[in-house]
Amino acid sequence: QVQLVESGGGLVQAGDSLRLSCAASGRTFSAYAMGWFRQAPGKEREFVAAISWSGSSTYYADSVKGRFTISRDNAQNTVYLQMNSLKPEDTAVYYCARSGTNRPEALMLEYNYTYWGQGTQVTVSS
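A quick note: this is a predicted structure, and the numbers were derived from the prediction, not measured.

Asker: Help me out: how do you make sense of the overall build of the protein in this one?
Answerer: Counting its regular elements, the protein contains zero helices and 11 strands. Sequence-ordered secondary structure for the protein, helices as α and strands as β, is β-β-β-β-β-β-β-β-β-β-β. The C-alpha atoms of the protein give a radius of gyration of 13 Å, which matches the 14 Å a tight globule of 126 residues would have. The C-alpha extent of the protein, read off along each of the three principal axes, is 40 × 25 × 25 Å. A total of 126 residues make up the protein; the buried ones form 44% of that total. In the protein, the proportion of contacts linking residues at least 24 apart, taken out of those at least 6 apart, comes to 58%. Approximately 6,400 Å² of the protein is accessible, and the part contributed by carbon and sulfur atoms is 47%. Distance between charge centres in the protein, computed from 11 positive and 10 negative side chains, equals 5 Å.

Here you go:
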């Protein structure tokens, strides 16, 4: 069984930065792509970023490109989301997830992820 635990959320002002972490249990972490999704109040959960199993390829939603950076440390079974220049519209619960596939074209699709964390709240005030 895989467990994912997010941390690092909080309340910040517009323009600030936050770094989210997601610690994974299990010995297969390095074999799978990982992703970050978010869900704002009253909205559907949406893709934010994904990273290949090796960390060599990254993918971003247009809304965060240039501001967010996803990375991973396979030795520590951890994936990160560095969020800079935060905006009020970034306010959401952020979830990390482990993909069930390494196909790049599948990584933006929520249904391709098999394990999810409990989420961490990020609130950006204006």
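Asker: Help me understand the pattern of salt bridges in this model?
Answerer: One side chain can pair with another of opposite charge once the charged atoms of both are near each other. Per the counting criterion, the structure on display carries six salt bridges. The closest approach of N and O atoms between Glu105 and Arg103, which form a salt bridge, is 3.3 Å. Among the residues examined, Glu105 registers a relative accessible area of 55% and is labelled exposed. One salt-bridge network, in which partners are shared between bridges, spans Arg38, Glu46, Arg67 and Asp90.

Asker: How do you make sense of the side chain of Arg67 when you look at a structure like this?
Answerer: Mapped onto the elements of the fold, Arg67 is located in the loop between strand S6 (58-60) and strand S7 (68-73). Taking the relative accessible area as the measure of exposure, Arg67 reaches 11% and is therefore buried. Within polar-contact distance, the side chain of Arg67 engages the backbone oxygen of Ser63 at 2.9 Å. Those residues in contact with Arg67, other than ones at most four positions away along the chain, are Gln82, Met83, Asn84, Ser85, Leu86, Lys87 and Asp90.

Reading the values: rules and limits
- Residues numbered from 1 in each chain as written.
- Predicted model: local features only at pLDDT ≥ 70, side-chain atom pairs only at ≥ 80, totals over all residues.
- Heavy atoms only, no water.
- Helix = DSSP H or I, 4+ residues; strand = E, 2+ residues; numbered from the N terminus.
- Rg over C-alpha atoms; globule rule 2.2 N^0.38 Å.
- Buried < 20%, exposed > 50% of the residue type's maximum accessible area, 1.4 Å probe, protein only.
- Contact = heavy atoms within 4.5 Å.
- Areas by Shrake-Rupley, 256 points an atom, 1.4 Å probe, with all protein chains shown as cover.
- Lys, Arg positive; Asp, Glu negative; His and termini not counted.
- Charge placed at Lys NZ, Arg CZ, Asp CG, Glu CD.
- Salt bridge = Lys/Arg side-chain N within 4 Å of Asp/Glu carboxyl O.
- Polar contact = N/O pair within 3.5 Å; in protein donor to acceptor, adjacent residues only side chain to side chain.

Shape descriptors only; they carry no functional weight alone.
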